[in-house]
Amino acid sequence: MGGRKGRLASREQVAEGTWAFQLEADGAFEYAAGQSVDVTLVDPPFRDDAGEKRAFSLAAAPDGPRLLIASRLRGSAFKRSLAEGPLGLRVEIEGPFGEMTLPESPAPVVMLAGGIGITPFRAIAQDAIARRLPHPLLLVHSSRAPGEAPFLAELSAWSAAHPAFRYVPTMTGAAPAGAAWTGERRRIEAGLLADLVPGDRNAPLWFLAGPDRFIQGVGAALLELGVAMGRMRMEQFSGY
């Protein structure tokens, strides 16, 4: 282990089965919104054969020593240590990694997220709003139900308040009787993307983040719409 030392500072449930964890590094930790880190737990209370190290996209705009990560809790010893271990649990943080960041020029960016893939895009949106960047941003997030969508209310509020940022959540699970959701329900496929992004679909950059099947399906939809591979950036959340 050779990363920056830090500790688990706080945790908060942000959706059904999903928690956000704030890590505090020893000293300022510089990164760009959209990047990721490797987190190693030092002396965790629970262990298994999968080990003590995981990769996480950072879920908040750069803020000195404070780093925000989020994850669905799947029962692994690593996740259990984050969820049930003591605050102050020691960690080591390596990075940052990744190039799924906003370009310097104010080009439009379309961000497509499946499930926990929302994390890097929350950071990008928060950073762009805080710095008043001119990039037109569209974020489309696929979840099964509103209760399973991390940061749903927060992102909706940001979208309502900032014209350069548009947030389109879509709920693809079967609607229970009496469900209150009246928003989008289509999967992130060619039809939905064609409606949301008319015109030249190679004008924006396309950022994709989510599980392997989501990335494969959305990538195929973009190719069907004529988007060049060179206009896509992808981050896959394998095993999450």
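Note that the structure is a prediction, hence the values are computed from the model and not measured.

## Here we look at the pattern of salt bridges
Phase 1 of the analysis: Tallying each qualifying case throughout the model produces 13 salt bridges.
Phase 2 of the analysis: Close ionic contact of arginine 80 with glutamate 84 constitutes a salt bridge, the shortest N to O distance being 3.2 Å. On the criterion of helical spacing, the pair formed by arginine 80 and glutamate 84 is a turn pair, its members being four residues apart in helix α1 (residues 77–84).

## What to know about the sheet that holds strand β3 (residues 36–41)
Phase 1 of the analysis: Strand order in this open sheet of six strands is β4-β3-β6-β1-β2-β5, and the pairing throughout is antiparallel. With partners counted over all chains shown, the strands left at the sheet margins are β4 (53–57) and β5 (66–72), one partner each. Averaged over all pairs of adjacent strands, the angle between their axes in this sheet comes to 40 degrees, without regard to strand direction.
Phase 2 of the analysis: Bridging between strand β2 (residues 18–25) and β5 involves seven bridges; their strand directions are antiparallel.

## With respect to the nonpolar core
Phase 1 of the analysis: In this structure, Met111, Phe121, Leu139, Phe165 and Phe207 are the most contacted members of the largest nonpolar core, which totals 32 residues.
Phase 2 of the analysis: Of all elements in the fold, only β5, β7 (109–114), α2 (119–130), β8 (137–143), α3 (152–161), β9 (165–171) and β10 (205–210) reach the threshold of two or more residues within this core.
Phase 3 of the analysis: No other element matches α2, which puts five residues into this core.
Phase 4 of the analysis: Discounting residues that sit within four places of it in the chain, phenylalanine 165 has contacts with Met111, Ala125, Ile129, Leu137, Leu139, Leu155, Trp158 and Ser159.

## A word on the sheet that holds β8
Phase 1 of the analysis: Here five strands make up an open sheet; going across it, the order is β9-β8-β7-β10-β11 and the pairing parallel. Strands with a single pairing partner mark the edges of an open sheet, and in this sheet they are β9 and β11 (232–236). Within the sheet, the average angular offset between the axes of one strand and its neighbour, ignoring direction, is 10 degrees.
Phase 2 of the analysis: Summarising the sheet, β10 and β11 pair through five bridges and their orientation is parallel. Looking at β11, one finds that leucine 208 is bridged to methionine 234.
Phase 3 of the analysis: Across the face of the sheet, α3 comes into contact with β8 and β9 while running at roughly 145 degrees to β9.
Phase 4 of the analysis: Strands β7, β8, β10 and β11 of the sheet are contacted by helix α5 (residues 212–224), whose axis makes an angle of about 155 degrees with β10.

Each value, and the rule that gives it
- Residues numbered from 1 in each chain as written.
- Predicted model: local features only at pLDDT ≥ 70, side-chain atom pairs only at ≥ 80, totals over all residues.
- Heavy atoms only, no water.
- Salt bridge = Lys/Arg side-chain N within 4 Å of Asp/Glu carboxyl O.
- Helix = DSSP H or I, 4+ residues; strand = E, 2+ residues; numbered from the N terminus.
- Pairing = 2+ DSSP bridges.
- Axes fitted to C-alpha atoms, helices over the stretch in contact; angles between N-to-C directions.
- Core = buried A, V, L, I, M, F, W, Y, C linked by side-chain atoms within 4.5 Å.
- Buried < 20%, exposed > 50% of the residue type's maximum accessible area, 1.4 Å probe, protein only.
- Contact = heavy atoms within 4.5 Å.

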